[in-house]
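Residue-level structure breakdown
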Amino acid sequence: MNANQHRFAMFVDVHDAPALVVGGGPVALRKTRRLIDAGAKVTVVAPQIHDELVKLQQAGALRIEARAFDNNDLSGVSIVIAATGDVGVNRDIATLAKANGVQVNVANDPSAGNFIMPSLIDRSPLLIAISSGGASPVLSRLLTARIEAFIPKSFARLANLAGQYRAQIKASVSDWRERRRFWEQQLGGRVGEMVLQGRTTEAETALEEAIKQYQANEVTGEVYLVGAGPGEPDLLSFRALRLMQHVDVVYYDRLVSDAVMALVKPDAERIYVGKKRSDHAMPQGTINDQLVAQAKAGKRVLRLKGGDPFIFGRGGEEIEQLAEHGVAFQVVPGVTAAAGCASYAGIPLTHRDHSQACLFVTGHLKNNTVDLNWHALVQPQQTVVIYMGLVGLAHIVAKLQEHGMASDKPIALISRGTTAQQHVITGTLDTIVDQVKNNEVKAPTLTIIGDVVTLREKLNWFEPGDSQIKLID
Ligand code: SAH
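Residues numbered from 1 in each chain as written. Predicted model: local features only at pLDDT ≥ 70, side-chain atom pairs only at ≥ 80, totals over all residues. Heavy atoms only, no water.

Side note on the overall build of the protein
Each helix and strand counted, the protein has 17 helices and 17 strands in total. Taking 23 Å as the expected radius of gyration for a compact globule of 473 residues, we find that the protein reaches 30 Å, considerably beyond that expectation. Each of the three principal axes of the protein carries a C-alpha extent, and together these read 95 × 60 × 40 Å. Sorting the 473 residues of the protein into buried and exposed places 45% on the buried side. Relative to all contacts within the protein whose residues are 6 or more apart in sequence, the contacts with residues 24 or more apart total 65%. Just so you have it, the protein exposes about 24,200 Å², and 51% of that area is on carbon and sulfur atoms. (Helix = DSSP H or I, 4+ residues; strand = E, 2+ residues; numbered from the N terminus. Rg over C-alpha atoms; globule rule 2.2 N^0.38 Å. Buried < 20%, exposed > 50% of the residue type's maximum accessible area, 1.4 Å probe, protein only. Contact = heavy atoms within 4.5 Å. Areas by Shrake-Rupley, 256 points an atom, 1.4 Å probe, with all protein chains shown as cover.)

Spelled out as C-alpha cells, the structure:
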C-alpha cells in the first residue's frame, strides 16, 4: 500500500505547540531535535533516556518524565511522536491519540500514525521535504543527499534576498508575467550567481540596478562559456548544469553530446554552430559577433563547448570580444578530452614508474603539415596527448620517429571517449597507422602516446555498451 496516498503535504507552524515524544532512544532523539528546531515545547516520556536528551533538558530545551507512558500524558498535547521501539505500545499510543484528535507520528511505522516526518533539506527560508511513504526510507535519503549536493547552502541567502526585495519588485514591475520573468532572470542570472558566490552586497546593488534598468526599459544579458565535457553528462559540473538551466539561447557545437543538450532548459533557443573539420556551420567571427549581440539584447547566452573551453576550444577568443564590448561573462571549466578519455580508457596520464609529465598538443593538419616542437615531444618519461590528431596521424608518427622516438613506443587512439561508442585502439608507433586503416575510426579521436598506455591492459574498466550517451553526428 502506498502510505502517502492520502497524505496532504503541509508545513505546520509548531512554535510553542505542546509536543510529546514517547521514547528515549536515538530515534526519539532525532525526532525531538527536529521538534525543538521548529520551536515546539517538547516533553519526553520514557523510562530510559538517551544522554543527549538529558543534555537538552539541562540546556532548558525540553522537559523529561523518566517513566513509562501514561494515557493522561496526551491531555493538552497537540502533537505526539511514538518512538518507544515497541510496535504494540506505539500503535496503542497512536490509536489513543487519533481518538483524541491529536496528530501522531509513529517511528518506523508510517501508516500507524496520521502524519509522517519527511526527510528535510533545510535552506531556510527554503525547505524541501521528501517522503517515500515508508516504501523506501533509503531511497528518500539517497534523493535527499543528491538534492543536498545540488542545492548549495548559499541558496538560503538567495531566498532571503528574494524575500527582502519582493515587495519593492512587486511595486516596480506590475504585470505578473513580466515580474515572473524578471525574477527568473535575476535569480537565475548574474544576481543569483553573485549571491551563491557570497557577494551579497554586490548582488543587492546589481538587483537595484536591474530594477532601474527595467524601469528605463534597458536590459543587459550575459554569456556563460561552459565546458560540456567529453560527452557523458554525469561529468558536467554542478555550476555548468545550473547555468544550462537558466538561459535563453544556447550556441553549441558538434562535440556536445545529445545527452548533455537534453539538460539545457527546454525552451531555450538552440543554435548549432558546427565545427566539424572543414565544415564550419558558423564562422568563428560570426559566433563572436552573435554572442555580443545577443547579450546586448538582454539574453542570457550559453556558449556550450565540448571538453574544457580553454583547451583547444577558442574560448579565449570568444570572451576577448565580450570583454572588449563590456559584456558580462563567466567561464565554467569542463572535463577536457584528455582527462575524460584517459579515465574511461584506463590509461593514467602520469604514473610514478612511467611518466612524470604530460603534454597536451594539437595535431591539426595545416597545409599538410603539423607544426610542433618535435624535440620536446620525444623526451623520455612523459605522456603526449594529441588533440585533433587523426587526419595527421601518419605524418605525426613519422615525425616522432624521425626525431628519435622508439618505433615500439605504445600509443592509443580513443574514439568518442566516455560515450556508448567509445572505441580504443592500442598499438605502437610502427603499427598504429595500419591499424587505423583497417578499422573504421570515427571522429572525434584523441591520441595518447607513452608507456602509460600499457597500463590499460590492467586498468580498463569501462564497458561502452552500458552507456546510453552518444555524440551528435
Ligand atoms: N575543448 C575540447 C577540445 C576541442 S578540440 C576539450 O577540452 O576536450 C577537438 C578535439 O578534442 C577532437 O579532435 C578530439 O581530439 C578531442 N575530443 C573531444 N571530445 C572527445 C571525445 N569524446 N573523444 C575523443 N576525443 C575527443
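Remarks on the packing of aromatic side chains
Applying the stated criterion across every chain, the model contains eight aromatic pairs. For the ring pair Phe182 and Tyr214, a centre distance of 5.9 Å and an interplane angle of 75° mean the geometry is edge-to-face. Taken as a pair, Phe182 in helix H6 (residues 176-188) and Tyr214 in helix H8 (residues 200-215) lie far apart in primary sequence, 32 residues in all. The class of Phe182 is buried, set by a relative accessible area of 5%. By relative accessible area, which is 26% here, Tyr214 ends up partly exposed. (Phe/Tyr/Trp six-rings, centres within 6.5 Å; stacked < 30°, edge-to-face > 60°.)

Let's talk about a nonpolar patch on the surface
Among the surface-exposed residues, Phe8, Met10 and Val12 lie close enough to one another that they form a single nonpolar patch of about 390 Å² accessible area. Look at Met10 and you get exposed, because its relative accessible area is 58%. (Patch = residues over 30% accessible without salt bridge, like charges linked within 9 Å, V, L, I, M, F, W, Y side chains within 5 Å. Salt bridge = Lys/Arg side-chain N within 4 Å of Asp/Glu carboxyl O.)

Focus: the sheet that holds strand S9 (residues 249-252)
Taken in spatial order, the five strands of this open sheet run S10-S9-S11-S8-S12, and their pairing is parallel. Sheet topology places strand S10 (269-272) and strand S12 (328-332) at the edges, where each strand pairs with a single neighbour. Between one strand axis and the next, the sheet turns through 15° on average, direction left out of account. Sheet topology places strand S8 (residues 222-227) next to strand S11 (residues 300-305); six bridges connect them, and they run parallel. Of the residues in S11, the one forming a bridge with Leu225 is Arg303. (Pairing = 2+ DSSP bridges. Axes fitted to C-alpha atoms, helices over the stretch in contact; angles between N-to-C directions.)

Focus on the pattern of salt bridges
For the coordinates displayed, the defined rule picks out 21 salt bridges. The salt bridge involving Arg199 is made with Glu202; its shortest N-O contact spans 3.1 Å. By relative accessible area, which is 33% here, Arg199 ends up partly exposed. Taken together, the salt bridges that share partners define one network made up of Arg63, Glu65, Arg67 and Asp73.

So, the packing of H6 against H8
Each pair of packed helices gets described by two things: the angle between the helix axes and the distance between those axes. It is at 11 Å that the axes of H6 and H8 come closest, and there the two elements cross at 145°. Crossing of H6 over H8 shows right-handed handedness. Within the contact between the two elements, H6 uses Glu178, Phe182 and Gln186 and H8 uses Leu207, Ala210, Ile211 and Tyr214. Tallied by class, the residues present in the contact of H6 with H8 amount to five nonpolar, one polar and one charged. (Left-handed = near helix turned anticlockwise from the far one by under 90°. Nonpolar A, V, L, I, M, F, W, Y, C, P; charged D, E, K, R; others polar.)

Description of the site of the ligand
Looking at the ligand, there are 18 residues lining it, with Asp308, Ile311, Thr336, Ala337 and Thr445 nearest. Measuring from a nitrogen atom of the ligand, one finds a backbone N or O atom of Ile311 at 2.7 Å. Thr445 is positioned such that a nitrogen or oxygen atom in its backbone is 2.6 Å from an oxygen atom of the ligand. Protein chains shield 93% of the accessible area of the ligand, which is 550 Å² for the free molecule. (Near = heavy atom within 4 Å. Polar contact = N/O pair within 3.5 Å; in protein donor to acceptor, adjacent residues only side chain to side chain.)

Examining the sheet that holds strand S3 (residues 62-65)
A sheet is described by the order of its strands in space; here five strands give the open sequence S3-S2-S1-S4-S5, paired in parallel fashion. Strand pairing shows two members of the sheet lacking a second neighbour, S3 and strand S5 (103-106), which therefore form its edges. Each strand axis lies, on average, 20° off the axis of its neighbour in the sheet, ignoring direction. The pairing of strand S1 (residues 18-22) with strand S2 (residues 41-45) spans five bridges and is parallel. When the sheet's bridge partners are listed, Pro18 is paired in S2 with Lys41. In the packing of helix H2 (residues 51-58) onto the sheet, contacts are made with S2 and S3, and the angle to S3 comes to roughly 125°.

Brief notes about the packing of helix H5 (residues 155-172) against H6
Closest axis-to-axis distance for the H5/H6 pair is 12 Å, and the angle between their directions is 150°. For the element pair H5 and H6, the recorded crossing hand is right-handed. For the pair H5 and H6, contact is made by Leu158, Ala162, Tyr165, Arg166, Ile169 and Lys170 and by Arg179, Phe182, Trp183 and Leu187, respectively.

Points about the state of the cysteines
Disulfide: a covalent bond connecting the sulfur atoms of a pair of cysteines. Throughout the structure, instances matching the rule amount to zero disulfides. We note that Cys341 lacks a disulfide partner, and the nearest cysteine sulfur, in Cys358, lies 12 Å from it. Assessed through its relative accessible area of 5%, Cys341 is described here as buried. (Disulfide = S-S within 2.5 Å.)

Things to note about the domain arrangement of the protein
For the protein, the domain assignment lists domain 1 (18-117), domain 2 (152-218), domain 3 (220-335) and domain 4 (341-459). Centre-to-centre, using C-alpha coordinates, domain 1 lies 66 Å away from domain 4. (Domains from an automatic or database assignment.)

Quick word on unusual backbone geometry
At the junction of Ser124 and Pro125, the peptide bond is cis and its omega measures out at 10° in the coordinates. The residue Pro125 is located in the loop between strand S6 (119-123) and strand S7 (126-130) in this model. A positive phi is found at Asp16, a non-glycine position, where the angle reads about 65°. You can see Asp16 is positioned in the segment before S1. Despite not being glycine, Gln381 shows a phi value in the positive range, around 55°. Of note, Gln381 is situated in the loop between helix H14 (374-377) and strand S14 (382-387).

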